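Observations on the model geometry
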Amino acid sequence: MPKKHQKSKKIVPAEKKERAMIEGILEGSPDGIGVVVIRLECGCRKMAAVSKSGDPASGVIIYRDNAETVCDKCKEDNGDFMRVNESFIHWVEPAPSKEMQREISIKVLGSQSVN
């Protein structure tokens, strides 16, 4: 089965429609230094703020753009990691050092997220 996780070192930018949700999450998460964004193959998104220690700084929000609710598959499996297309952390400026970003990314997203 082919791996669907993004492995390249390129920086994945948050889409315009994701930025409003990111800002809202950060507003309610004073300890957040970034927001984890997980894009699922079905089009749903999972997001949560992350603290400088790599721990959750908010609850996980799952949503689907332009829809009243998430898809039926996400309702069943809560956005299973096997269906992840892309995942990254949108960092608050000023962003932490590259080394700290790497450590947090590995803790939150696993070693597949960074090379």
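Scope of this entry: the structure provided in the associated data block. (Residues numbered from 1 in each chain as written. Predicted model: local features only at pLDDT ≥ 70, side-chain atom pairs only at ≥ 80, totals over all residues. Heavy atoms only, no water.)

1. Let's talk about the overall build of the protein chain
Under the convention used in this document: Numbering of helices and strands starts at the N terminus; helices are DSSP runs of H or I of at least 4 residues and strands are runs of E of at least 2. Whether two residues are in contact is decided by their heavy atoms, any of which lying within 4.5 Å being enough. Using a 1.4 Å probe, the Shrake-Rupley method yields the accessible areas, and only the shown protein chains count as cover for residues.
Counting secondary structure elements, the protein chain contains three helices and four strands. Listed by position from the N terminus, the elements making up the protein chain come as α-β-β-β-α-β-α. Restricting the contact set of the protein chain to residue pairs at least 6 apart, pairs at least 24 apart contribute 53%. Of the roughly 7200 Å² of accessible surface on the protein chain, a fraction of 53% belongs to carbon and sulfur atoms.

2. Comments concerning the pairing of strand S1 (residues 34-40)
Here is the rule: Three exposure classes are used, based on accessible area relative to the maximum for each residue type with a 1.4 Å probe and protein chains only: buried under 20%, partly exposed in between, and exposed over 50%. Any two strands with at least two DSSP-identified bridges between them are counted as paired.
In terms of residue burial, S1 counts as a mostly covered element, since seven of its seven residues are buried. The antiparallel hairpin formed by S1 and strand S2 (residues 44-50) contains three residues in its connecting segment, where Gly-43 sits at a positive phi of about 105°. Bridge analysis of S1 against strand S4 (residues 84-91) gives seven bridges, and the strand direction is antiparallel. Note that in S4 the partner of Ile-38 across the bridge is Ser-87.

3. Concerning unusual backbone geometry
Going from Glu-93 to Pro-94, the amide bond is cis rather than trans, its omega being -5°. Take Pro-94: it is sitting in the loop between S4 and helix H3 (98-109). Even without being glycine, Asn-66 reaches a positive phi, approximately 55°. Within the secondary structure layout, Asn-66 lies in the loop between strand S3 (61-64) and helix H2 (72-77). Its relative accessible area of 85% is what places Asn-66 among the exposed residues. Positive phi, close to 60°, is recorded for Asn-78, a residue that is not glycine.

4. A short note on the nonpolar core
To keep it simple, the criterion reads: Nine residue types can take part in a nonpolar core, namely buried Ala, Val, Leu, Ile, Met, Phe, Trp, Tyr and Cys, and a core is a set of them joined through side-chain atoms within 4.5 Å.
Judged by nonpolar contacts, Val-36, Ile-38, Leu-40, Cys-44, Val-50, Val-70, Cys-71, Cys-74, Val-84, Ile-89, Trp-91 and Ile-104 together constitute the single largest core of twelve residues. Elements supplying a minimum of two residues to this core: S1, S2 and S4. For Val-50, the residues in contact, after removing those within four places along its chain, are Asp-31, Gly-32, Ile-33, Gly-34, Val-36, Asp-55, Ala-57, Ile-89, Ile-104 and Val-108.

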